Amino acid sequence: DDDDDDDDSDSDTDDEPIFKSDGIGGGFDTEHVERLEEWIDVMTDKLPELTSFILPTGGRASAQLHVARTVCRRAERRTVGLVQDGVCDPNVLRYLNRLSDFFFTAGRWTNYCEGQEEIQYRRPLRGAKQRNRVQVSLRDEH
């Protein structure tokens, strides 16, 4: 009878999330997310506001940052299930999301520092099906 009770208690723990934030290594520190957000803000302050979708273009460093962003997005998508299963801290997902935003912003920042132009992908008229590519300087020409 005691063995049967043990089996029942094991099945109960199978339903509980494996991950438990315990504050001593069992959780992902949100300070990392906050630090990324600060770095993003510092770079964004110098860049022109985005008004349309941009194509990932520019110099070599920017291209590598855009590739890193796509790899990070893939990792983020694969982490969703782990968070849903309770085996991964949800803050890891937040971090990966902010990290991909960091890579995007760093790619734009690198183009800005190198004097590269951005290629915006915009519709010429509201409702138009075809989009145009428009090269835009990241630096104020005044």
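For the structure itself, consult the block above.
Residues numbered from 1 in each chain as written. Predicted model: local features only at pLDDT ≥ 70, side-chain atom pairs only at ≥ 80, totals over all residues. Heavy atoms only, no water.

A.B. asks: Explain the packing of helix α2 (residues 31-46) against helix α4 (residues 90-114) to me, please; I cannot follow it from the model alone.
C.D. replies: Between two packed helices, what matters for the description is the angle formed by their axes and the separation of those axes. Direction vectors running N to C along α2 and α4 enclose 20 degrees, while the axes themselves pass 9 Å from each other. Overall, the two elements α2 and α4 adopt an arrangement that is roughly parallel. Of the two elements, α2 crosses α4, and the hand of that crossing is left-handed. In this structure, α2 contributes H32, V33, L36, E37, W39, I40, M43, T44 and K46 to the contact, and α4 contributes N91, R94, Y95, R98, L99, D101, F102, T105, A106, W109 and Y112. Classifying every residue of the contact of α2 with α4 gives 11 nonpolar, 4 polar and 5 charged. (Axes fitted to C-alpha atoms, helices over the stretch in contact; angles between N-to-C directions. Helix = DSSP H or I, 4+ residues; strand = E, 2+ residues; numbered from the N terminus. Parallel < 35°, antiparallel > 145°, perpendicular 65-115°, else oblique. Left-handed = near helix turned anticlockwise from the far one by under 90°. Contact = heavy atoms within 4.5 Å. Nonpolar A, V, L, I, M, F, W, Y, C, P; charged D, E, K, R; others polar.)

A.B. asks: Teacher, can you tell me more about the nonpolar core here?
C.D. replies: Most often, soluble globular proteins keep nonpolar side chains buried together rather than apart. Core analysis: the biggest nonpolar cluster contains 10 residues, these being L36, I40, M43, L65, C72, L96, L99, F102, F103 and A106. Where this core is concerned, the elements lending two or more residues are α2, α3 (60-84) and α4. In this structure, L36 is in contact with Y95, R98, L99 and F102, ignoring residues within four places of it in sequence. (Core = buried A, V, L, I, M, F, W, Y, C linked by side-chain atoms within 4.5 Å. Buried < 20%, exposed > 50% of the residue type's maximum accessible area, 1.4 Å probe, protein only.)

A.B. asks: Please clarify how the environment of V83 should be interpreted in this entry.
C.D. replies: Within the secondary structure, V83 is located in helix α3. Looking at V83, the relative accessible area reads 18%, which means it is buried. With 10 residues separating them along the chain, V83 and L93 place their C-alpha atoms 7.7 Å apart.

A.B. asks: Can you help me understand the packing of aromatic side chains in this one?
C.D. replies: Each aromatic ring pair is summarised here by two numbers: the centre-to-centre distance and the angle between the ring planes. Following the criterion strictly, the structure yields 3 aromatic pairs and no others. Aromatic ring contacts, followed pair by pair, group W39, F102 and F103 into a single cluster. (Phe/Tyr/Trp six-rings, centres within 6.5 Å; stacked < 30°, edge-to-face > 60°.)

A.B. asks: How should the side chain of N91 be read in this particular structure?
C.D. replies: Positionally, N91 belongs in helix α4. A relative accessible area of 19% places N91 in the buried class. Among residues more than four places away in sequence, those in contact with N91 are F28, T30 and V33.

A.B. asks: In this structure, what is going on with the packing of α3 against α4? I would like to understand it.
C.D. replies: Following both chains from N to C, one finds α3 and α4 inclined at 170 degrees, their axes separated by 9 Å at the closest point. Relative to α4, the element α3 is oriented roughly antiparallel. In terms of residue class, the contact of α3 with α4 is built from 15 nonpolar, 8 polar and 5 charged.

A.B. asks: So what exactly am I meant to see when it comes to α2 here?
C.D. replies: Think of an α-helix as 3.6 residues a turn; residues three or four steps apart then line up on the same face. For α2, built from 16 residues, the straight-helix expectation of 22 Å at 1.5 Å per residue is met to within 8% by its first-to-last C-alpha distance of 24 Å. Restricting attention to buried positions, one finds in α2 the residues V33, L36, I40 and M43. Down the axis, α2 shows its buried residues gathered within 95 degrees of arc, on one side only. Those residues of α2 that are exposed and angled more than 90 degrees off the buried face are E38, V42, D45 and K46. Each element contacted by the buried residues of α2 is listed here: α4. (Expected span 1.5 Å × (residues − 1). Arc of directions from axis to C-beta.)

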